Amino acid sequence: MIDIPTIPWCALAPELAVATWILLLLVATLCVPAHRQSVLSHLAVLGIVVAAGLLVWASQHPSASGGTAMLSLDRFGGYFKGLLLLATAVVIVMTRLPRQLLTHVGAFYLLLYTALLGALILVSVNNLLLLFLGLELLTFSLYIMAAYVKTDPRSVEAGMKYLILGSVSSGFLIYGIALLYGMAGTITFTGVRAAFANTQPTPVAGQVGLYLILAGLGFKVAAVPFQLWVPDVYEGAPTPVVAMLSVGSKMAGVVAMLRLLDGLVAPVQWVWTPVLAVISAATMLYGNLGAIPQTNIKRLLGYSSIGHAGYLLMGIATATPESAAAISYYLLAYLCSNLAVFLVVVIVGGATGSDSLDEYRGLSRRSPGLAAAMFIALLSLAGVPPLAGFVGKLLVLLSAVKGQRLWLVAIGAVNVAISLYYYLTVVKRMYLEAPNTSSSIRITPLAAATLAALVLGIVVVGVYQQPFLAYIRSTL
Amino acid sequence: MTEAVFFYTFSGLAILAALSVAWNRRPIYSVLSLLVFMFCLAALFIMLGAYFVAALQVLLYAGAVLVLFLFVIMLLNLEPEALARMRLFTLRGVGTAAASLLLAALVAILRRPGPAPITPATTIGSVESIGQLLFTTYLIPFELTSFLILAAIIGAVTLARQKSHD
């Protein structure tokens, strides 16, 4: 008699919906004629709506909570699944905007969905095998999406660089997992955790394995010294892909680190946290100092995303429930702000055909609404009160103060000032310099509505933190 | 006794083959050395009783993957001069340093006293037990792998399509 483990299918409903939609999109891509490609994007949006509905339903379903040896399907993961679905929906909106140079959108949506599936698995991961598979599914889709515009050599170069460095990082990760398996004889988080708790002194294999896993995940969240791919990939890849990379991929990597820290590393936290603190400081400094001389908005945002990874790592290094709540809040703020900025970059890039910072000269006179949205989003990224980004940074810094790491807090505070400088140079171009042309930039109603919703999100999340924080704390 | 003889023969051969992969100047020789390495690994799997894994090792790695490598090398058809230009000195230094670091870690791990934590299993490695595990305990990872392969196929088709079809 074969012993069949019970799989909580109800709780897996969002993942199952996404998986079903991947197959639906595959069939639809083959059936829909070339001149009716817009059907595919409607189908893709519908899939997100269905998955979001099922996510809400699953969170209310009594039998849905709990988890297995593979996945921990709790409300903490549910929160991030909601954010990931939101991010994917915005990315789909971006692909609908003019001049995105994306042909064969069906395959693009399919890859977006496989990336989403990988990310959904990662935020509820409870097993080293699924950690590897989820990460591979996510990054594999992103490699291809980064190189999607074959007519643009920069896009192909971006895909190539990302593929090579990403494969190396996967190698680190799988070697680390192998060492942990060799130490504990199991790949479940609880099993490895128990092995760490019961063995004194901590085996070298376990320590080396944990460092290798940290290196593998460091690539995905773009932490120093594994950040070299970021500026080139951000510059070359199609902007909707960069948005997915900077929000979805980073969020999944950070949450996977949190899961590992909480579920596996907890008995030997001292292996990770000091290293993470140093990496966090280096990442913040590298990202924010590197952003200053940039002349291309996407490169600038690449460095800025490295800087944000530093703040997130500071939260992980602190390793308290409070810092986990701070990271959850930070990711929500980062999602709204960064997606709003990228939406403006897509719109401006689509109108002018370039991502140079010079295109933003006098944007306030050409399109006041667009400039205002960019202004608010950039200030939120910099961490100016009362916007969402400010509260996120404040919470992370406060949790680090309580965690007795004042030197790291000092570096974090200095970096807020540095980042304000380069975000404001973009604002200066938009508001103080004369425009190259006086023609206004056309915005489709869909893009305008999405942008307005994101900006509203930045303000609301920043001003009324309490309901969001209360919800986040209830998921921990 | 016989087991030890076989073990050291295949392990030694595997190490020699791996060194030859790294040191050969001609890519074709490197690939062929890799083939020898894969076969040695398969032999070691057989000695552990993992017959199915050994068969997969030969079929997939020695068969499919290495043939792919050979195709790429033959299609690129790099001249020795072009290869010589790619031998970056710093890269070699960094690679050596990283490899020695990992070797040191491995030595430290293996010198640890006490028995290995994983007891040699008698049932793993047979087709039946692997099939059972795949479709019960590891059902979710198994299904996820199929999506990974789907993404890879779509990606290959997307990247390989002709410009005229755009």
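For clarity, every value in this text was computed on a predicted model and none was experimentally measured.

A.B. asks: Explain the pattern of salt bridges to me, and be specific about the residues and the numbers.
C.D. replies: Residue and element names in this part refer to chain A. Enumeration over the complete set of coordinates arrives at 13 salt bridges over all chains. One salt bridge connects Lys161 with Glu157, and the closest N-O pair in it is separated by 2.7 Å. One end of the pair, Lys161, and the other, Glu157, are both in helix 6 (residues 153-184), 4 residues apart, so they sit about a helical turn from each other. Across the pair Asp232 and Lys161 runs a salt bridge whose closest N-O atoms are separated by 2.8 Å. Here Asp232 is found in helix 9 (residues 230-236), whereas its partner Lys161 is found in helix 6, with 71 residues between them in sequence. By relative accessible area, Asp232 is classed as partly exposed at 24%.

A.B. asks: Break down the nonpolar core for me, citing the residues and quoting the values.
C.D. replies: Core analysis: the biggest nonpolar cluster contains 197 residues, and Leu128(A), Ile213(A), Leu260(A), Leu264(A), Trp272(A) and Met374(A) have the highest contact counts within it. At 22 residues, helix 13 (residues 321-352) of chain A tops the list of elements feeding residues into this core. Beyond its immediate stretch of four places on either side in the chain, Leu260(A) contacts Leu128(A), Leu131(A), Phe189(A), Ile213(A), Leu217(A), Val265(A) and Trp272(A). Formed by 5 residues, the second largest nonpolar core is a distinct cluster that contains Val31(B), Leu34(B), Ala62(B) and Leu66(B).

A.B. asks: Describe the packing of helix 10 (residues 239-265) of chain A against helix 13 of chain A, listing the residues and the values that go with them.
C.D. replies: All names here are of chain A. At their nearest, the axes of helix 10 and helix 13 sit 9 Å apart, and the two run at 175 degrees to each other. Classified by the angle their axes make, helix 10 and helix 13 are roughly antiparallel. Only Ala324, Ile327, Leu331, Tyr334, Leu335, Asn338, Leu339, Phe342, Val345 and Val346 of helix 13 make contact with helix 10, whose side of the interface consists of Thr239, Val242, Ala243, Ser246, Val247, Lys250, Met251, Val254, Val255 and Leu258. For the contact of helix 10 with helix 13, the class distribution of residues is 16 nonpolar, 3 polar and 1 charged.

A.B. asks: Account for the packing of aromatic side chains, naming residues and giving values.
C.D. replies: Tallied over the full model, the rule gives 16 aromatic pairs over all chains. Measuring from ring centre to ring centre gives 5.2 Å for Tyr143(A) and Tyr162(A), while their planes differ by 80 degrees; the resulting arrangement is edge-to-face. One end of the pair, Tyr143(A), is in helix 5 (residues 128-146); the other, Tyr162(A), is in helix 6, and 19 residues separate them in sequence. Taken individually, Tyr143(A) and Tyr162(A) each receive the classification buried, so the pair is uniform in this respect. Plain terms: the ring middles of Phe7(B) and Tyr8(B) are 5.2 Å apart, the flat faces sit at 80 degrees to each other, and that makes the pair edge-to-face. On the basis of relative accessibility, which here comes to 40%, the residue Phe7(B) falls in the partly exposed class. Taking the relative accessible area as the measure of exposure, Tyr8(B) reaches 61% and is therefore exposed.

Rules used throughout
- Residues numbered from 1 in each chain as written.
- Chains lettered and ligands numbered in written order.
- Predicted model: local features only at pLDDT ≥ 70, side-chain atom pairs only at ≥ 80, totals over all residues.
- Heavy atoms only, no water.
- Salt bridge = Lys/Arg side-chain N within 4 Å of Asp/Glu carboxyl O.
- Helix = DSSP H or I, 4+ residues; strand = E, 2+ residues; numbered from the N terminus.
- Buried < 20%, exposed > 50% of the residue type's maximum accessible area, 1.4 Å probe, protein only.
- Core = buried A, V, L, I, M, F, W, Y, C linked by side-chain atoms within 4.5 Å.
- Contact = heavy atoms within 4.5 Å.
- Axes fitted to C-alpha atoms, helices over the stretch in contact; angles between N-to-C directions.
- Parallel < 35°, antiparallel > 145°, perpendicular 65-115°, else oblique.
- Nonpolar A, V, L, I, M, F, W, Y, C, P; charged D, E, K, R; others polar.
- Phe/Tyr/Trp six-rings, centres within 6.5 Å; stacked < 30°, edge-to-face > 60°.

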